[in-house]
There are 4 protein chains.
Amino acid sequence: MKRKICVVVTARPSYSRIKTALTAIQNHPDLELQLVIAGSALLDRYGNAVDFIEKDGFPIAAKVFMVLEGENPTTMAKTTGLGVMELTNVFYNLKPDAVITIADRFETIATSIAASYQNIPLVHIQGGEVTGSIDEKVRHANTKLADLHLVCTHDARERVIKLGEEPEKVINTGCPSIDLAKMVSENPNLNFNPIAKYGGVGMELNWQEGYIVVMQHPVTTEYKQAKKHVLETLHAIKVLDYPTFWFWPNVDAGSDGTSNGIRSFRELEKPGNIHFFKNMNPIDFLKLLKNAKALIGNSSAGLRECAYLGVPVVNIGNRQHRRSRAQNVTDVDYNREQILKVTKNALVREHYPSSELYGDGNAGEKIAEILATVELTYSKTITY
Amino acid sequence: MKRKICVVVTARPSYSRIKTALTAIQNHPDLELQLVIAGSALLDRYGNAVDFIEKDGFPIAAKVFMVLEGENPTTMAKTTGLGVMELTNVFYNLKPDAVITIADRFETIATSIAASYQNIPLVHIQGGEVTGSIDEKVRHANTKLADLHLVCTHDARERVIKLGEEPEKVINTGCPSIDLAKMVSENPNLNFNPIAKYGGVGMELNWQEGYIVVMQHPVTTEYKQAKKHVLETLHAIKVLDYPTFWFWPNVDAGSDGTSNGIRSFRELEKPGNIHFFKNMNPIDFLKLLKNAKALIGNSSAGLRECAYLGVPVVNIGNRQHRRSRAQNVTDVDYNREQILKVTKNALVREHYPSSELYGDGNAGEKIAEILATVELTYSKTITY
Amino acid sequence: MKRKICVVVTARPSYSRIKTALTAIQNHPDLELQLVIAGSALLDRYGNAVDFIEKDGFPIAAKVFMVLEGENPTTMAKTTGLGVMELTNVFYNLKPDAVITIADRFETIATSIAASYQNIPLVHIQGGEVTGSIDEKVRHANTKLADLHLVCTHDARERVIKLGEEPEKVINTGCPSIDLAKMVSENPNLNFNPIAKYGGVGMELNWQEGYIVVMQHPVTTEYKQAKKHVLETLHAIKVLDYPTFWFWPNVDAGSDGTSNGIRSFRELEKPGNIHFFKNMNPIDFLKLLKNAKALIGNSSAGLRECAYLGVPVVNIGNRQHRRSRAQNVTDVDYNREQILKVTKNALVREHYPSSELYGDGNAGEKIAEILATVELTYSKTITY
Amino acid sequence: MKRKICVVVTARPSYSRIKTALTAIQNHPDLELQLVIAGSALLDRYGNAVDFIEKDGFPIAAKVFMVLEGENPTTMAKTTGLGVMELTNVFYNLKPDAVITIADRFETIATSIAASYQNIPLVHIQGGEVTGSIDEKVRHANTKLADLHLVCTHDARERVIKLGEEPEKVINTGCPSIDLAKMVSENPNLNFNPIAKYGGVGMELNWQEGYIVVMQHPVTTEYKQAKKHVLETLHAIKVLDYPTFWFWPNVDAGSDGTSNGIRSFRELEKPGNIHFFKNMNPIDFLKLLKNAKALIGNSSAGLRECAYLGVPVVNIGNRQHRRSRAQNVTDVDYNREQILKVTKNALVREHYPSSELYGDGNAGEKIAEILATVELTYSKTITY
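All residue numbers refer to positions counted from 1 along the written sequence of the respective chain. Just so you know, chain letters begin at A and ligand numbers begin at 1, following the order they were written in. A pLDDT threshold of at least 70 governs which residues receive local features in this predicted model, and a stricter bar of 80 or more applies before side-chain atom pairs are shown or counted, although totals over entire chains, interfaces and linings include all residues. Each side-chain value is derived from all of the structure's non-hydrogen atoms; neither hydrogens nor water enter the calculation.

## Remarks on the relation of the copies chain D and chain C
In this arrangement, two copies of a chain are superimposed by a rotation about an axis accompanied by a shift along the axis.
Here is step 1 of the chain: You can overlay chain D on chain C at an RMSD of 0.0 Å; the transform is a turn of 180 degrees with a shift of 0.0 Å along its axis. What the rotation and shift describe, once combined, is the action of a two-fold rotation axis.
Here is step 2 of the chain: Note on contacts: a residue pair qualifies if any of its non-hydrogen atoms lie within 4.5 Å across the two residues. Comparing interface residues between copies, 100% of those in chain D also sit at the interface in chain C, which points to an isologous, same-surface contact. What sets the superposition is a least-squares fit of C-alpha atoms, and only residues with pLDDT of at least 70 in both copies go into it.

## Considerations on the sheet that holds strand β11 (residues 274-277) of chain B
All names here are of chain B.
Here is step 1 of the chain: Here, any two strands with at least 2 DSSP bridges between them count as paired. Helix and strand assignments follow DSSP, with helices taken as H or I runs no shorter than four residues and strands as E runs no shorter than two, numbered in order from the N terminus. If you trace the seven strands from one edge of the open sheet to the other, you get β8-β11-β10-β9-β12-β13-β14, paired in mixed fashion. Both edges of this open sheet fall to β8 (201-202) and β14 (329-332), since each of them pairs with a single strand only.
Here is step 2 of the chain: In this sheet, β11 lies alongside strand β10 (residues 244-247) in parallel orientation, the contact comprising four bridges. Its bridge partner being in β11, Trp246 is matched across the sheet by Phe276.

## Structural notes on helix α7 (residues 154-162) of chain C
Residues and elements named next belong to chain C.
Here is step 1 of the chain: Among all positions of α7, only Ala156, Arg159 and Val160 are buried. In a view along the axis of α7, the buried residues occupy a sector of 100 degrees, so they form one face of it.
Here is step 2 of the chain: Elements that come into contact with the buried residues of α7 comprise α6 (133-145), β6 (148-151) and β7 (170-172).
Here is step 3 of the chain: Just past α7, the residue Gly164 takes up positive phi, approximately 100 degrees. Buried, partly exposed and exposed residues are distinguished by accessible area as a fraction of the type maximum, computed with a 1.4 Å probe on protein chains only: under 20%, between the cut-offs, and over 50%, respectively. An arc is given here, and it is the one of the directions from the helix axis to the C-beta atoms.

## What about the UniProt feature "domain: UDP-N-acetylglucosamine 2-epimerase" (unreviewed entry) in chain A?
Here is step 1 of the chain: UniProt positions are given in the numbering used here, feature names are shortened, and annotations may be inferred rather than shown by experiment. Per the UniProt annotation, the sites labelled "domain: UDP-N-acetylglucosamine 2-epimerase" (unreviewed entry) are residues 24-371 of chain A.
Here is step 2 of the chain: Secondary structure over residues 24-371 of chain A splits into 42% helix and 15% strand, and the C-alpha atoms at its two ends are 10 Å apart.

## Quick look at the packing of aromatic side chains
Centre distance and the angle of the planes are the two values used to describe a pair of aromatic rings.
Here is step 1 of the chain: Only rings of Phe, Tyr and Trp enter the pairing, Trp through its six-membered ring, and a pair is recorded when the two centres are within 6.5 Å. The plane angle decides the type: under 30 degrees is stacked, over 60 is edge-to-face, the rest tilted. Enumeration over the complete set of coordinates arrives at 56 aromatic pairs over all chains.
Here is step 2 of the chain: Here Phe65(B) and Tyr92(D) contribute two aromatic rings whose centre-to-centre distance is 5.7 Å and whose plane-to-plane angle is 80 degrees, an arrangement assigned as edge-to-face. One end of the pair, Phe65(B), is in the loop between β3 (62-64) and α4 (73-94); the other, Tyr92(D), is in helix α4 (residues 73-94), on a second chain.
Here is step 3 of the chain: Of the residues examined, Phe65(B) reaches a relative accessible area of 7% and is grouped as buried.
Here is step 4 of the chain: Ring geometry for Phe247(B) against Phe277(B): centres 5.7 Å apart, planes inclined by 40 degrees, an arrangement best described as tilted. Within this pair, whereas Phe247(B) is found in strand β10, its partner Phe277(B) is found in strand β11, the two being separated by 30 residues in sequence. Taken as a pair, Phe247(B) and Phe277(B) share a single burial class, namely buried.
Here is step 5 of the chain: Here a set of aromatic residues connected by ring pairs shows up, and it is made of Phe52(A), Phe192(A), Tyr198(A), Trp207(A), Tyr211(A), Phe245(A), Phe247(A), Phe277(A) and Phe285(A).
Here is step 6 of the chain: Either the NZ atom of lysine or the CZ atom of arginine qualifies as a charge over a ring when it sits within 6 Å of the ring centre and within 35 degrees of the ring normal. Against the face of Tyr352(B) rests Arg349(B), its NZ or CZ located 3.6 Å from the ring centre.

Structural data, given as structure tokens:
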């Protein structure tokens, strides 16, 4: 009998962090994929990731609407509570042999609780890293609820073991997002017109001669400053006056502030060099990055995929605090002058050499093979 | 302005683990107590702890019904999800300066999420210990969500620091339950008739010449064996034929099995030597223990309060796996012969000398003083 | 393509009110049954109706744990809210062509909201009757949310039409519970030993020479008097000293009071003539009624099935206030003397002639045929 | 002791429907106001009604985030279920003597259930009317759950009585929204610049010489056509080329479609004559209407306040199907030609004479006086 592996995708960025593993699970003779799409991955306002997932041919076992409106810490917590209740039901009915929770977004702990409390073996992907924001707490709490840890870096593996997990339960597979980056590196041609294919709003741009990409999320522990923070970036980019593709933020405490900042800036300042997107399919997004002069903002893609792709990254503020980074990343403050200056430098330099810090491009296959063969348990004790 | 300290009590046993701290917070000139009673602490079936709390004179800021019926892993998870949603609201309205979550029961993570996601400093009491059951996962996840750790033993402090917490944020205060044990040790006389005062069901007992106490909870990770496990103990106690006060289990996955086991045993075997209680106020309970020949079962009171009281404990099965224990504890399997044999030994020996393994009896005062003076933060990064 | 008919059973008594319709739907060539079991029908404490349903061979499409503990008006309301959320998900995934909500228990409005808000045609069974308790409000609110009304009596049909529903959408099918009563009337022999087959607790009884049945539920609008009310009945039955089979109450506000009343009465008064059951399969229950001298309490079975069976009924208090009744029913107050006196009269008389007030025994078939052929709509406007 | 009257406002339009009653309750010597703000009234995306309420000086007893994102029938139902759970808690803690639920928005039934199930007298304001959409079902279900009915028209009173309510429990007070309309009629001068005061997005308009107002909500039972429907209106208004103030829709199934329609129309068609607002305080909004040439769309304000104000209304589609209307209303289909033609007629005519169809302007005072003096009950039986 095939092992049933239930994967819960709750947000747009989680999909690119798991996509090649989904394919490998689906193709593995001893595994059956149960894919659950939940949270903002179902919402049009956040780019309707579910559409890309369905177009990629993955069958969806259940959809769970669980996002409370408000984008503040209160609704973030309530969304998580609702997620626990709903996902508990889903797992109760699907009866998986293992559940996978991805990384460290706030609502991923709902997956962890719903599985572990029901004595279902819990696999945590991408634990052991270090950042700022509530993600830092959530990630390590996920580790303590999980039974098996598939991590992305050597450092992360060391850290999870230090957290009291059995070393044989902690395996460095690399990050599936790097698998996609590898595919894109092997075939880097930007074979589509982003505006023609994805619409979006804002100016038509003369991007063919060079462009940058911006992706800036609120930091939940600083959520009241979200609008102020994004305005620094917006001012810098306006002054830079270089063709820019800008992606709307994730649903987090503060994303209302970030979105408001963007909307009011558009109304008042009418920046002529920015075009806005909600989402792209992961491969197209990476091609866009690969061909960009730089990525500006605080997306983890800057530290992960861009390390492999060699794209210069201007990383703003505390969101990626202490996460492992290759030489492609330059850190700056929430400060328009700093952002402008460092971005200008990036425009005039070559891409960096590729780094395998977050994996060598085979994570999906490794993950599927481990899931097919490892002993699955749901009870553990700290090692010290 | 006084610091508002919100304490969430979700179950009968949590109350004795925090009671002296509640008093000390209430009496501290710089603190204001916001007491929230939730979960099974509100339910008649589980002994209505809320009545004892109100009789003790603590004002209650909010009551939260959140327990789903079913006593299985599925309802346990859903109860937790509901708790997150409800407690989020409570904290949003009470606006505390810090929230205290107690120990490691499954629903305590609801308190942790509701506070930490709303950027409210979270204080975890009684972290860093080791046991079996889902509690083991929950306790360490609470640690990773909490900002300040007030632990009960030297070992626990070492363990929390190893988990990556800043040493100055981890303070060994001892357990408030030992404060009560100290009071009882100083005034050990059993000055009430348990059956006259608390009713309960079952036989009138000739307990004045000696009695034992039994308290056995289900183990959530073995919840389908709950009935089988408790029947071993019931058979042993019936054969022992010695006056016995037996306490009903907590609300956990499997407590239905435990309760069913007890009910059907009563109907079929009509044991003549057992009287059943749902709850007692904490001081009365400790006096009952202090004057008992032994405590049988798997309650943490056997390892904590009984260490200080010197009462012999027959500890059954995996629930307290690896928790620190003094010499008063003898471990046995779910096996009626073993239980019977070790209990018989306990009946004929003296009590043990008092151990301060879990504190010296001043935890409540220490906790209040720390809460009044420590810097309260809600953001942290792992130390390694 | 078959029409998918989703039926939600939330409690023990609802099952006998729908059972023959389930069979008829299952057997109909143009219909597909989607059976959802929820609420107290899943709970051991309330007789685990789900076990009988599975033994009867009905496949279950989804199970929903939704009952909050506490049995008070607050948990009753929260249970309903949770039911709305959970059933919404269930219908979203099952995509039924019509949803059936049964009668008037408090949580049935959850089914009504979850279906009607999602634009799924809602069929209400057993509307248009009159009683006391919160049921009276819930029943008529269900009518106003429903698109098709399959009622049990001529009176009920008139009342639903007066409520502003289109006459052609209101059809008197009779009650499926009468279908079972008819089967039992045709084959009334009590071919099982109730205690041997169902266990239960309490005394062995010499019931073969005659017995009565008691079933008394709390009235939600008088829930604080639940214990007092049931004690009147208990005292009357003890004094009567006649073999008695007593069924535990439904989960409602006050059922804790009713249960407590029963438990404490058992401990203190040790009634020698009462045996307690949690549940029976519907046919066995009706056989037990058919062979009883009388039914005492406030169950709707007294007014419905017992009308057909001709069994004398002593109907206590306000729960069935104004519900249509045949000559087999005598109303009394919450008063031990009245209950005793009227019950004594019942013991010495013959059964009544059968009444078809609630149907002629073909309701299940009629319901299935209507569901297969009627136009299904989800939008309506009041007729006046 | 003052009677505690708890009013639940869940959406922007409900506030103007209750505002003068809030003032009158607050000022009444025998009443205490407990104001609960919930649902979309808390959300920035829907105009942050809570800000206007706080500016008007009403103290808020509790805020409840309960809106699930998605704006489809599924999230609408789940929002309602969540509302039941949350409001149950709120009423449990506030212990009101009566709860007021307003009109017929989908989530108002949550207020009704949370109050009636907890045996709290429920007052329904603005029942007995007739419309299309899910509101039609919800309104009459609210009536069947409520104990006291304060209605706005003679017709509505007749209808509620026909629904089986006791005539003395059904009182025609008129609509509090007409109280505001009366104030505005007595002082109709547009003493503020809408764009300067409320910002909004879109074109600067030359509105001083004449303008129209548009407000179009999705119809939940036709929610998939929401975008198509609003586009008809957008095209008509663009062709009309007359200064237009347009208000964003309420949160309902389909509001995403309506919003998308508006956003994409703005991007593609860049209409030069439309300025968009999210919200205004109720008095300002009515002044804007009073001075407008016409109101276009399907808002109930067109039938209620505009009847009193005499403003011509072009009422589009089924949302107000069969609601009582004065001579100021002209009905049209979802059809750009019809909309355009009828709107053009409105631009060239005078306002209508004032109609008191929905009240004479004293509803708030009447409501408060009734609440202070009426007998409050929580149990009822249908009259027939």
